[in-house]
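# Analysis of the macromolecular model
Next come the chains, spelled out residue by residue.
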Amino acid sequence: MPAERIGQNNPMSQPEKRTHSRVIVATTAMLSFISFWHAAAIVLNDLGSSAFYVGGIAEHAIGKSAPWFILGVMLFSIAVRSVYIESSTLFVRGGAYRVVKEAMGPTAAKATVSALIFDFLLTAPISGVSAGHYLIGLFNELAEFAKIPMTLPRDVGAAGFAILVILYFWRQNLLGIEESSSKALSIMKVASVMLVALLVWGFITLMMRGGQLAPMPDLKKMAFSTESLGWLKGTVLPAIPFIALFIGFGHSILAMSGEETLAQVYREIAHPKLKNLKRAAIAIFIFSLVLTSLVSFLGVALISDSDRPNYYDNLIGGIAMHLVGPFQLQLCFHIFVVIVGVLMLAGACNTAIIGSNGVLNRLSEDGVLVDWFRKPHREYGTTYRLLNMIVGLQILIVIVSRGDVFILGEAYAFGVIWSFAMNALATLILRFKRPQEREWKVPLNFRYRGTEIPVGLVLVTLTLFATAIANLFTKKVATISGVFFTAGLFAILVFSERIIAAKKLSESKDLEKFLLEDKASITKETTDVRPGNILVAVRNYETLYPLEKILKKANTRHQDIVVLTGRRMRGVHLDQGPLTSDQIFMNFEQKLFSIVVSMAEKEGKKINMLVVPGNDITDIIIRSALQLKSSKVVAGVSNRMTMEEQARRLGEAWEATGPHARGLTLELIDRQMKSHFFDIGPHPPRLWPVDIGKLHDMWLKLTREKFGADLHHRDVVSVALKRLEEDLTDPRKEKEVIEDFSQELLSEEHKRESGGRT
């Protein structure tokens, strides 16, 4: 379609009386997209932090061979992570709840999410308490070294510190995901420095002083502690190698956490989503494998068997004090390790809050939790009521546990393994229930007689369920507390869902909650949109293909996208009083923008959303574009008029706003996703090659005969325009000029038909 110049000063085409009394800026906390580094940092604050306590907990349960089991868990984690990548590509707002619901129905989904919430609620307490143990332990050691007669109670002090950390990250999440993810990335940068120092110094120590290698597990003679066998104590089952393997694996599963958070954070990952998700997964795997496995092996290698139990809740601190070198240097590194440990473990509290909030938001969107929970914060736009409930429960768990990291560790394993297992099973079922091609699949897939056999996914699922069943019989604390909590929360969710259904509140299902800001006009301050943006006009949520195309091709790092919908207010005038937000932003706009937000999340690109009231839609679009200093207006092709007529009306609305020094581009997109471009207002003309040739020939003639290099092509055009203007105002020449234009139009039509114009 040729690009046309639309718009002229036509007094007969003035739009109707305008009522631009208000502008509604609609925002949601879920449109602040983050890089894959930020996403990896959020997950690693949970997954990496387990290195500070899992070694001691695992060895306490299964003996000196624990490092080998931890290494096996960390290698297996990439397989579990691949399951979450596949499920995330199926559902942007994914995670275990959505995947299980699609595969096995709402009842199984509510049971799964109940176990998952148990996991998240315990992540913050165990991480915060472990951080407190590191800090209190260091303080007591320093006091003893300085001969200060003061000893802080370890468990109580650790619990108090955990509560302070949880409250701090509650505040950060209240401010929004971007704020909290930046903190997580800063923590991981410091942790990387510690990891390199620990690697180098530990290797030097082993070279100079030697050490012991953790014994390979003898599955027939596993050194299980009394508590680690649970209800299997006194039976012959732990002596069976296959069963002993999964018991040891289950007691080390704490080393692998944070996968569900990866699925929740996927919604926030910036474009390109899948590529950035895989990058984050690789970064998570490498860092956690090196850190967690290294710590467990170094603990056994450098600390004597008799001394190591004293450091079960402070293992990296114990390693620091057993490195080669002066005591003062060891002490300084110990302080650094504790600082990093406190930061990472505190960051895991942040991860737990983010994950819990994401899961509960899915429940609220799905009509399982009442809509009241999703009300956005007036200033920050975050779901503050959910955050308050999550943090309140986490603090309660800290108080009940009294800061005992072993009790918390035992209970924590329940939610971790069962949520993993159910998510893997649901993903496997969806392979057959939804066999269409995915963006990415768990590897090891084979075809037999036209049917795909997902061998890799089956093996991961079986391994997870075998481990979950082993934990069910060997972890008494986890089983009892986990089953009671899961059953209780499941009952609450079922009861809540029935209340919502009875009150017919489920109409808001899948609708986003927006923070609505009433503004008097559109300005840079009210919208935070850069000049040169793309304005996409939408109205019907069933025909959003123009926005789909713009989201795919626009680079939002350089150009903002503004999604605008006009609320037609026929018969409403300013003298009737100000409009209310309920008159401007209604259920239709909420549904429209909910779909718009989902589309933006899928592409990982930030958008700005506006609702502008007025009597005439074309006037709303053009005035908004001028106030925003947009470079392009995008809309769908109208079903009621031709593209030329649609463009003409927008051009007339542009002319009616007054003379302008600049123009803009109008892009109309049809249902076949083909773009048709028109120019509105002043713009550089699109010259044919023959016109450019004539202009250049005249410039050559004039420069050679008189003016030389002082004359430019624009000077030739300027003189020609002045001469034409004079001829049009001269009655004797006007008729001749009009005739020339008539001939040119006939020639142009001929060139259009022959494809000569571009």
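Residues numbered from 1 in each chain as written. Predicted model: local features only at pLDDT ≥ 70, side-chain atom pairs only at ≥ 80, totals over all residues. Heavy atoms only, no water.

### Thoughts on the overall build of the chain
A count of helices and strands for the chain gives 25 helices and eleven strands. Seen through its C-alpha atoms, the chain measures out along the principal axes to roughly 115 × 70 × 65 Å. A total of 758 residues make up the chain; the buried ones form 54% of that total. Counting contacts in the chain only where the partners sit at least 6 residues apart, residues at least 24 apart contribute 80% of the total. As presented, the chain carries roughly 34,200 Å² of accessible surface, and 62% of it is formed by carbon and sulfur atoms. Here the chain holds 83 positive side-chain charges and 71 negative ones, and the gap between their average locations is 4 Å. (Helix = DSSP H or I, 4+ residues; strand = E, 2+ residues; numbered from the N terminus. Buried < 20%, exposed > 50% of the residue type's maximum accessible area, 1.4 Å probe, protein only. Contact = heavy atoms within 4.5 Å. Areas by Shrake-Rupley, 256 points an atom, 1.4 Å probe, with all protein chains shown as cover. Lys, Arg positive; Asp, Glu negative; His and termini not counted. Charge placed at Lys NZ, Arg CZ, Asp CG, Glu CD.)

### Here we look at the confidence of the model for the chain
With 91% of its residues at a pLDDT of 70 or more, the chain shows a mean pLDDT of 84. No element of the chain has a lower mean pLDDT than strand β1 (residues 4–6), which averages 50, and none a higher one than helix α15 (residues 455–474), which averages 95. The model gives residues 7–21 a pLDDT under 50, and that stretch makes 36 contacts with residues more than four places away or in other chains. Low pLDDT, under 50, characterises residues 753–758; the predicted model gives this stretch six contacts beyond four residues in sequence or across chains. (pLDDT = per-residue confidence, 0-100.)

### Brief notes about helix α16 (residues 476–502)
Helix length check: α16 (27 residues) gives 39 Å between terminal C-alpha atoms against 39 Å at 1.5 Å per residue, within 8%. Within α16, burial applies to Ala478, Thr479, Gly482, Thr486, Leu489, Leu493, Val494, Ser496 and Ile500. If you follow the buried residues of α16, they end up packed against α5 (106–145), α12 (327–365), α14 (405–433) and α15. (Expected span 1.5 Å × (residues − 1).)

### Side note on the packing of aromatic side chains
Given two aromatic rings, their pairing is described by the distance between the two centres and the angle made by the two planes. According to the stated counting rule, one finds 13 aromatic pairs in the structure shown. Judged by centre distance (5.8 Å) and plane angle (70 degrees), the rings of Phe76 and Phe249 are edge-to-face. In this pair, Phe76 sits in helix α3 (residues 66–90) while Phe249 sits in helix α8 (residues 241–251), placing the two residues 173 residues apart along the sequence. Taking relative accessible area as the criterion, Phe76 reaches 13% and is therefore assigned buried. With a relative accessible area of 11%, Phe249 lands in the buried category. An aromatic cluster of three or more residues is present, and its members are Phe118, Phe414 and Phe485. For Lys273, the ring lying beneath its charged end belongs to Tyr266, and the centroid distance is 5.2 Å. (Phe/Tyr/Trp six-rings, centres within 6.5 Å; stacked < 30°, edge-to-face > 60°. Lys NZ or Arg CZ within 6 Å of the ring centre and 35° of its normal.)

### As for the environment of Ile163
Mapped onto the elements, Ile163 comes out in helix α6 (residues 154–175). Between the C-alpha atoms of Ile163 and Ser304, which are 141 residues apart in sequence, the distance is 34 Å. In contact with Ile163, not counting residues within four places along its chain, are Ile395, Val398 and Ile399.

### As for unusual backbone geometry
Here His271 and Pro272 are connected by a cis peptide whose omega angle stands at -5 degrees. Looking at the element boundaries, Pro272 is found in the loop between α9 (259–265) and α10 (273–302). You will see that Lys147, though not glycine, has its phi angle at about 60 degrees, which is positive. One non-glycine residue, Met673, adopts positive backbone phi at about 65 degrees. When you line up the elements, Met673 lands in the loop between β10 (664–669) and β11 (675–680).

### What about the pairing of strand β3 (residues 445–448)?
Of the strand pairs in this sheet, β3 and strand β4 (residues 451–454) are connected by four bridges, and their pairing is antiparallel. Bridge pairing links Arg447 to Glu452 in β4. The loop that links β3 with its antiparallel partner β4 comprises two residues; one of these, Arg449, has a positive phi angle of about 55 degrees. (Pairing = 2+ DSSP bridges.)

### Concerning the pattern of salt bridges
Within the structure shown, the criterion is met by 24 salt bridges. Two residues, Lys441 and Glu452, come together in a salt bridge whose shortest N-O distance is 3.0 Å. Residue Lys441 is located in the loop between α14 and β3, and its partner Glu452 is located in strand β4; the two are separated by eleven residues in the primary sequence. Comparing Lys441 with Glu452 shows no difference in burial state: the two are buried. The salt bridge partner of Asp730 is Arg732, with a shortest N-O separation of 3.4 Å. Taking relative accessible area as the criterion, Asp730 reaches 16% and is therefore assigned buried. When salt bridges that share partners are traced, they join Glu59, Lys64, Asp305 and Arg308 into one network. (Salt bridge = Lys/Arg side-chain N within 4 Å of Asp/Glu carboxyl O.)

### Here we look at the side chain of His251
Mapped onto the elements of the fold, His251 is located in helix α8. A distance of 3.2 Å separates a polar atom in the side chain of His251 from a polar atom in the side chain of Lys475. Apart from residues lying up to four places away in sequence, His251 is in contact with Ala58, Ala61, Ile62, Ser228, Glu410, Asn471, Thr474 and Lys475. (Polar contact = N/O pair within 3.5 Å; in protein donor to acceptor, adjacent residues only side chain to side chain.)

### Some details on the pairing of strand β2 (residues 23–27)
Taken across its five residues, β2 has four buried, putting it largely inside the fold. In this sheet, strand β5 (residues 515–519) lies alongside β2 in antiparallel orientation, the contact comprising five bridges. Bridging across to β5, Val23 finds its partner in Lys519.

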